[in-house]
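Now for the letters of each chain:
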Amino acid sequence: ETGVTQSPTHLIKTRGQQVTLRCSSQSGHNTVSWYQQALGQGPQFIFQYYREEENGRGNFPPRFSGLQFPNYSSELNVNALELDDSALYLCASSLRAGDYGYTFGSGTRLTVV
Amino acid sequence: EDQVTQSPEALRLQEGESSSLNCSYTVSGLRGLFWYRQDPGKGPEFLFTLYSAGEEKEKERLKATLTKKESFLHITAPKPEDSATYLCAVQAEAGTALIFGKGTTLSVSS
């Protein structure tokens, strides 16, 4: 059984650019959530996808968008990057909205300069 | 507003010195309370889920307990490899998101 894998592990972008982060969910999991974790803070919920539909969103602007594919993998897209977007981006997968817990990936460290 | 507060922010222990971490929460109907361990630069690693007041779960040197207002993570005779940040999160009945606290950073020295 494979866990949650995220790519890339590290990324440096310039302010104003766009970025796409990728996540492969754990085998058998149909729900993917994305979190942003700033240094020294707990993860903050961005949004969640269940069977390719967004079914929950946190307090993030529309320039944060996502997709879930038929194989339940997912992408997080961020447009018009700002310096404050620098953070660890975490993907978590689960069965049906976390009924059986969430498994997190190791994250993508995004630095915006 | 749903909220999680963890204390202390940092805790230094000697190897073998038992202690407890606190997670206080307010949530509109608790669906579950989660404890995770996070090592530097890594994603959170699942430890426990608790669903109702009075519930307890154990794993090696860790024991988690739950009341209607807070949860404790008890660490018995810790070892240096227990050094990490411990995160607490809640999920509301009607919500999908996990709401995390800022975590407690535990350092255990030999």
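Scroll up for the structure.
Structure report, in brief. The structure presented is a predicted model; accordingly, all values stated were derived computationally and were not measured.

1. A few points about the overall build of chain B
Then step 1. Across its full length, chain B holds zero helices and eleven strands.
Then step 2. The N-to-C order of helical and strand elements in chain B reads β-β-β-β-β-β-β-β-β-β-β.
Then step 3. Relative to the 2.2 N^0.38 estimate, which gives 13 Å for 110 residues, the radius of gyration of chain B is 13 Å and therefore close to what a compact globule would have.
Then step 4. By its C-alpha atoms, chain B is 45 × 30 × 20 Å across when sized along the principal axes.
Then step 5. Counting every position in chain B, which comprises 110 residues, the buried fraction comes to 45%.

2. Considerations on the packing of aromatic side chains
Then step 1. If you walk through the whole model with that rule in mind, you get eleven aromatic pairs over all chains.
Then step 2. Each ring, one from F47(A) and one from Y49(A), has its centre 5.5 Å from the other, and the planes form 85 degrees; the classification is edge-to-face. In this structure, F47(A) and Y49(A) share a single accessibility class: buried.
Then step 3. Judged by centre distance (6.1 Å) and plane angle (45 degrees), the ring pair of Y36(B) and F100(B) falls under tilted. Placement of the pair is Y36(B) in strand β4 (residues 30–38) and F100(B) in strand β10 (residues 99–100), with a sequence separation of 64 residues.
Then step 4. Residue classification places Y36(B) among the buried positions, given a relative accessible area of 0%.
Then step 5. An aromatic cluster of three or more residues is present, and its members are Y35(A), F45(A), Y102(A), F104(A), F34(B), Y36(B), F46(B) and F100(B).

3. Considering the interface of chain A and chain B
Then step 1. Listed by partner, the interface residues are 20 residues for chain A and 18 residues for chain B.
Then step 2. Across the interface of chain A and chain B, roughly 1400 Å² is buried in total on both sides, 51% from carbon and sulfur atoms.
Then step 3. Joining chain A to chain B, the criterion identifies zero salt bridges.
Then step 4. Where chain A touches chain B, the interface holds four residue pairs in polar contact (both at pLDDT 80 or more).
Then step 5. Residues of the side of chain A that touches chain B, tallied by class, amount to eight nonpolar, eleven polar and one charged.

4. Quick notes on the state of the cysteines
Residues and elements named next belong to chain B.
Then step 1. Enumeration according to the criterion identifies two disulfides over all chains in this entry.
Then step 2. Residue pairing for C23: its cysteine sulfur links by disulfide to C88, the two sulfurs lying 2.0 Å apart. On the sign convention where negative is left-handed, the bridge of C23 and C88, at about -65 degrees about the S-S bond, is left-handed. Remark: C88 occurs in strand β9 (residues 84–92) and C23 occurs in strand β3 (residues 19–26); sequence separation between them is 65 residues. Summarising the burial analysis for this pair, C23 and C88 share the class buried.

5. Examining the pattern of salt bridges
Then step 1. Enumeration over the complete set of coordinates arrives at eight salt bridges over all chains.
Then step 2. As a salt-bridge pair, R57(A) and E54(A) come within 3.6 Å of each other at their nearest N and O atoms.
Then step 3. Owing to a relative accessible area of 33%, R57(A) belongs among the partly exposed residues under this scheme.
Then step 4. A residue is classified by how much of its surface remains accessible, and E54(A), at 38% relative accessible area, is partly exposed.
Then step 5. Ionic pairing is found between R37(B) and D39(B), a salt bridge with its closest N-O pair at 3.1 Å.
Then step 6. Residues joined by salt bridges that share partners form a network here, namely R63(A), E82(A) and D85(A).

6. A few points about the environment of S33(A)
All names here are of chain A.
Then step 1. Relative to the assigned elements, S33 resides in strand β4 (residues 31–37).
Then step 2. With relative accessibility at 0%, the residue S33 sits in the buried group.
Then step 3. Contact partners of S33, with chain neighbours within four places excluded, come to F45, F47, Q48, L90, C91, A92 and Y102.

7. Concerning the pairing of strand β8 (residues 70–75) of chain B
All names here are of chain B.
Then step 1. Here β8 shows a buried face lined by S71, L73 and I75 and an unburied face lined by E70, F72 and H74.
Then step 2. For β3 and β8, the ladder comprises six bridges, and the chain directions are antiparallel. Residue pairing for β8: N22 is matched across the bridge by F72.
Then step 3. Here strand β7 (residues 62–66) folds back onto β8, and the loop between the two strands holds three residues.

8. Quick word on the sheet that holds strand β1 (residues 3–7) of chain B
Residue and element names in this part refer to chain B.
Then step 1. Spatial ordering of the open sheet is given by β1-β3-β8-β7-β6, a layout of five strands whose pairing is antiparallel. Looking along the sheet, the strands with just one partner apiece sit at the ends: β1 and β6 (56–59). Averaged over all adjacent pairs, the angle separating strand axes in this sheet is 15 degrees, with direction ignored.
Then step 2. Bridge analysis of β1 against β3 gives five bridges, and the strand direction is antiparallel. When the bridges of β3 are listed, Q3 appears paired with T26.

Analysis parameters
- Residues numbered from 1 in each chain as written.
- Chains lettered and ligands numbered in written order.
- Predicted model: local features only at pLDDT ≥ 70, side-chain atom pairs only at ≥ 80, totals over all residues.
- Heavy atoms only, no water.
- Helix = DSSP H or I, 4+ residues; strand = E, 2+ residues; numbered from the N terminus.
- Rg over C-alpha atoms; globule rule 2.2 N^0.38 Å.
- Buried < 20%, exposed > 50% of the residue type's maximum accessible area, 1.4 Å probe, protein only.
- Phe/Tyr/Trp six-rings, centres within 6.5 Å; stacked < 30°, edge-to-face > 60°.
- Contact = heavy atoms within 4.5 Å.
- Buried area = accessible area lost by both parts, 1.4 Å probe.
- Salt bridge = Lys/Arg side-chain N within 4 Å of Asp/Glu carboxyl O.
- Polar contact = N/O pair within 3.5 Å; in protein donor to acceptor, adjacent residues only side chain to side chain.
- Nonpolar A, V, L, I, M, F, W, Y, C, P; charged D, E, K, R; others polar.
- Disulfide = S-S within 2.5 Å.
- Pairing = 2+ DSSP bridges.
- Axes fitted to C-alpha atoms, helices over the stretch in contact; angles between N-to-C directions.

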